[in-house]
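# Structure at a glance
What follows is each chain in one-letter form.
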Amino acid sequence: MSNLTINTSDQFEFTFSKEAEKEIILILKKYPPERKASAVMPLLDLAQREAGGWLPITALEAVAQKVGLAYMRVLEIASFYTMYNLNPVGKWHLQICGTTPCWLRGSDDILKAIYDTLQIKPNETSKNGDFTLTPVECLGACVNAPILQVNDDFYEDLNYDTTKKLIESLKKGTKRKVGSAKNRKSDPENGATVLLSIKGKKNA
Amino acid sequence: MIKLTVDDKEIEVEEGCTVLQACEIAGVEIPRFCYHDRLSIAGNCRMCLVEVKPGPPKPQASCALPATNGQIISTNSKMVHDARKGVMEFLLINHPLDCPICDQGGECDLQDQAMSFGSDKTRFLENKRAVEEKSMGPLIKTNMTRCIHCTRCVRFSTEVAGVNDLGALGRGESMEITTYLEKSIDSELSACVIDLCPVGALTSKPYAFNARPWELSHTETVDVMDAIGSNIRVDTKGNQVLRVLPRLNEDINEEWISDKTRYAIDGLKNQRLDKPYVRNENGSLEEADWDTAFNKIKDNIDKIKPNEIACLLGDLVDVEAAYAAKVLFQKLNVDNIDCRIDGAEIGEHGRAGYIFNSQINGIDEADALLIFGSNPRLEAPVLNARIRKRYLQGNFPISLIGENNNLTYSVNYLGSKSIDIEKLRDKKNKVYKTLMDAERPMIIVGMGALTDDSSQALLYELRELAEVFGVIKKDWNGFNVLHTSAGRTGALDVGCLPSKKGLSAKQIFSESENSSLSFIWLIGVDNKEVLNLKKPFVVYQGHHGDVGAHVADVILPGAAYTEKNCTYVNTEGRPQFLKQAVFPPGEAKEDWKILRAFSDYVNCKLPFDSLDSLREKIYSDFPHFEDINIIKKSKLSKFGRKGKINDFEMKSPITNFYKTCSISRASETMSLCNEKLNSKIAAE
């Protein structure tokens, strides 16, 4: 079965806020006037933030009118890119990377921790509507795999326990420190094992 | 010119050619799904892979690769064979094996090419994907699981039809072709996507599960739903017309036809007149035989003088019938004969004043356009697509005086009133400059401008302006009249106009109560004004029980356009033959035969007994009919009459695209389209 789902209900009213309107003027200035259609991507992102993490059809139409594109063209763009959500998401949008490096480093444990704390599986939203779990492909931070993206922030080097703690604090509405749970930078976890000669600068 | 080698054959092609086009010129057929001559290049099906040297050592998509000097192209190497086989295997991964229940079966590009280039077994054991059906209105049936994402339909609707309703949502395996929020496609050409679809994803809804292509007989004929005379192929099974498909004609319709052309045919089955009827003393119509009907008419005609008789010819009357009617009523000394039943003030001053002088393919050469009192999108959708095609090429300013509707291209709007013609004389106006600067400017005048009492004056003024702007000059005549009815040009050509003493159709309709008219013969006249004809004795000759038949005292059943061999002249003045595809129902006959048979009753025997002898007569009187499909250049005559132009709103006679003639009014499919349109208007 194809898994394309779009919430086409027009019940959600959408208008850009005053601040957003100012922002739109700044964004449109970046493009030549006859090519303002190019601004569709940043405007969709802005609209998604305005509408609470997702794009109702009314928001898509508002963006289409701003950039002078047909509604269908904007819907095509919004449905092509995975970072635009076409269905409502919770206050905390959890995006779990399951691509090979994260999976090898224990992304399944993160899923389990999320299920144990929130009782949600991939593509589900928690009962109170606060959390939505979405499986995604590589988030581009494999060095500190596994990764869980919460809204705009990356939480790295997670395991079952640290994920549980993260969810618990999100439930209380407090954010934990963004980045590696093991407090490391993007270097090998147990020290370098290859290219040691370069490290010692002997033959460099 | 570029020289290159295709399969060891050296050829020369023009610059700007693609490799695929070069291969076609060399006579090598390249399989393809997404590539289409008249659409932009997408390059996404990968079926047209060929081996090209010099170049990377891998197969290349020939549709998107420009031909260059010295290329060596192989279309038959092992690499190409393997590549095609591989592409076909991928295409078939998610394509269902439902050919036995698919309407495309037997005329399916995927089926044919899978036979030629595919493997005979599958290596794919996983689940196939399934896609929900989409709702695309009453004409297009969808089965999106079969879609191979060639995007021809999307490109057609955005580029040719000019509506952004179709699109591809999602990506990868989740990609789906659909309309915006599953509304129907808002175009008069929407059903062309069915022809374009290389698989069975978009098929014809009214034709669903009706027949297999090999069961059908084909008749190559011409359409009469609008005045441009699109070339069509009528597919029949037994004595039933099952579908209409477009036929390629670069000069007229390219390869598109309107939805009405394609789907009004089910109206040929409904409300048909299949027997003569005569109104009895109780005022109700009673079945009769031909002899009774003719005698009844004769009794009425014998009692009266010729100036009490009138004959009107409707929108769908063919040249043969018009000629026969003209000769018959001339013999009866009748002055009141007219084919301009919408009251158009044209035809009196030479042919150049009522035809599309530049021809339809002249649109491709024009460099500025003024549309005057016409809505080409509804009056001739295929012609409108041609204007849009020219518009997209750029450097084609279009101005509009008339109803301000969405014509699928942007226009300089000058107003909707007839007196807005004065603005064209205003040298400060932008439109004046664009028309003056143009090398080959064009004017399209519609019936919205030509049906007023002062239209002759309007026509005169347009003729003057045409001279000013250089629309009419030695090597270019861009003065075009766009008709709305298929039979009009032909009837004007054979001179079905009132003589000087005679009454025009407009006078007959408006003054029938007071005038001395006591007998009117209607040939396929079905406009509302007919209901005014309460006083005179009315003979209705035609094929549908529409408005005209309701007021008739005698009904003579005629043949519709798929049921007769006849000639129609399109708005360009191009005579075209229509061929008989099926037999008329019951006792219905060709219109000229009815008139010929009746002529015996009034002792005015018409001098022809067969279609050939009738045509010989026509050719001797009007030699330009002899060259079929060829347009005789018309003399640059003066037309129109100087006078005062009334101030009136120029409204296109077509307000409802789906219901314009007796056939489309009887069509259930057109009614469904109409409902859809009405509910859309109500929603807005």
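All values derive from a computational prediction rather than experimental measurement.

About the cut-offs
Along each chain, numbering runs from 1 in the same order as the chain's sequence is written. All chains are assigned letters beginning at A, and all ligands numbers beginning at 1, according to the order in which they are written. Note on the predicted model: pLDDT of at least 70 is required for a residue's local features to be given, and 80 or more for side-chain atom pairs to be given and counted; whole-chain, interface and lining totals, by contrast, use all residues. Only hydrogens and water are set aside; all other atoms, that is, all heavy atoms of the structure, feed into the side-chain values. Any two rings among Phe, Tyr and Trp, with Trp reduced to its six-membered ring, count as a pair given centres within 6.5 Å; such a pair is stacked if its planes are under 30 degrees apart, edge-to-face if over 60, and tilted if neither. Comment: elements are numbered from the N terminus, with helices defined as DSSP H or I runs of at least four residues and strands as E runs of at least two. Only protein chains enter the accessibility calculation, which uses a 1.4 Å probe. A residue is then buried if its area is under 20% of the maximum for its type, exposed if over 50%, and partly exposed in between. Here, any two strands with at least 2 DSSP bridges between them count as paired. Note on geometry: axes are C-alpha line fits, over the in-contact stretch for helices, and angles between N-to-C directions span 0 to 180 degrees. Note on contacts: a residue pair qualifies if any of its non-hydrogen atoms lie within 4.5 Å across the two residues. We call two directions roughly parallel when the angle between them is under 35 degrees, roughly antiparallel when it is over 145, roughly perpendicular when it lies between 65 and 115, and oblique otherwise. Definitions for this section: a left-handed crossing has its near helix turned counterclockwise from the far helix by less than a right angle. A right-handed crossing has that turn clockwise. Residue polarity is assigned by list, with Asp, Glu, Lys and Arg as charged and Ala, Val, Leu, Ile, Met, Phe, Trp, Tyr, Cys and Pro as nonpolar; anything else, Gly included, falls into the polar class. What marks off one domain from the next here is an automatic or database domain assignment. When a carboxyl oxygen of Asp or Glu is within 4 Å of a side-chain nitrogen of Lys or Arg, the pair counts as a salt bridge.

Turning our eyes to something else, we now look at the packing of aromatic side chains. All names here are of chain B. Enumeration over the complete set of coordinates arrives at 20 aromatic pairs over all chains. Ring geometry for F479 versus F639: centroids 4.9 Å apart, planes at 45 degrees, classification tilted. Of this pair, F479 sits in strand β23 (residues 479-482) while F639 sits in the loop between α18 (611-621) and α19 (662-665); the two residues are 160 residues apart in sequence, bridging distant segments of the chain. Each member of the pair F479 and F639 is classed as buried. Connected via pairs of aromatic rings, a cluster forms that spans W290, F294, F329, W521, F598 and Y601.

Let us look at the sheet that holds β23 of chain B. Residues and elements named next belong to chain B. Reading across from one edge, β19-β18-β17-β20-β23 is the order of the five strands in this open sheet, with parallel pairing throughout. Here the strands that pair on one side only, and so sit at the sheet edges, are β19 (412-415) and β23. The mean inter-strand angle of the sheet, taken between neighbouring strand axes irrespective of direction, is 20 degrees. When strand β18 (residues 398-401) meets β19, the two strands line up parallel, connected through three bridges. Note on β19: the bridge partner recorded for L400 is Y413. Its contacts with the sheet place helix α13 (residues 455-469) against β17 (368-372), β20 (441-446) and β23, and it is angled at close to 145 degrees to β23.

Before going further, it helps to examine the packing of helix α2 (residues 78-93) of chain B against helix α3 (residues 109-117) of chain B. Residue and element names in this part refer to chain B. Viewed as axis vectors pointing N to C, α2 and α3 meet at an angle of 135 degrees, and their least axial separation amounts to 10 Å. The angle between α2 and α3 falls in the class oblique. The two elements α2 and α3 cross, and the hand of that crossing is left-handed. Across the interface between the two elements, R84, K85, M88, L91 and L92 from α2 touch L110, Q113, A114 and F117 from α3. Counted by class, the contact of α2 with α3 contains six nonpolar, one polar and two charged residues.

On to the domain arrangement of chain A. In terms of domain boundaries, chain A breaks down into domain 1 (18-80) and domain 2 (92-179). Computed over C-alpha atoms only, the centres of domain 1 of chain A and domain 2 of chain A are separated by 29 Å.

Here the focus is the pattern of salt bridges. Considering all chains together, one arrives at 54 salt bridges over all chains under this definition. Of the charged contacts, one joins K112 of chain A and D116 of chain A as a salt bridge, the two residues approaching to 3.5 Å between their closest N and O atoms. Of this pair, K112 of chain A and D116 of chain A both sit in helix α6 (residues 107-118), four residues apart, which is roughly one turn of the helix. When its relative accessible area of 49% is taken as the criterion, K112 of chain A is described as partly exposed. Between R440 of chain B and E365 of chain B there is a salt bridge, and its shortest N-O distance comes to 3.1 Å. Remark: E365 of chain B occurs in the loop between β16 (336-338) and β17 and R440 of chain B occurs in the loop between α11 (430-437) and β20; sequence separation between them is 75 residues. On the accessibility criterion, R440 of chain B (25% relative accessible area) is partly exposed. Accessibility expressed as a relative area gives 44% for E365 of chain B, which makes it partly exposed. When salt bridges with common partners are traced through the structure, they connect R38, E250, E254, E255, D364, R386 and K389 of chain B into a single cluster.

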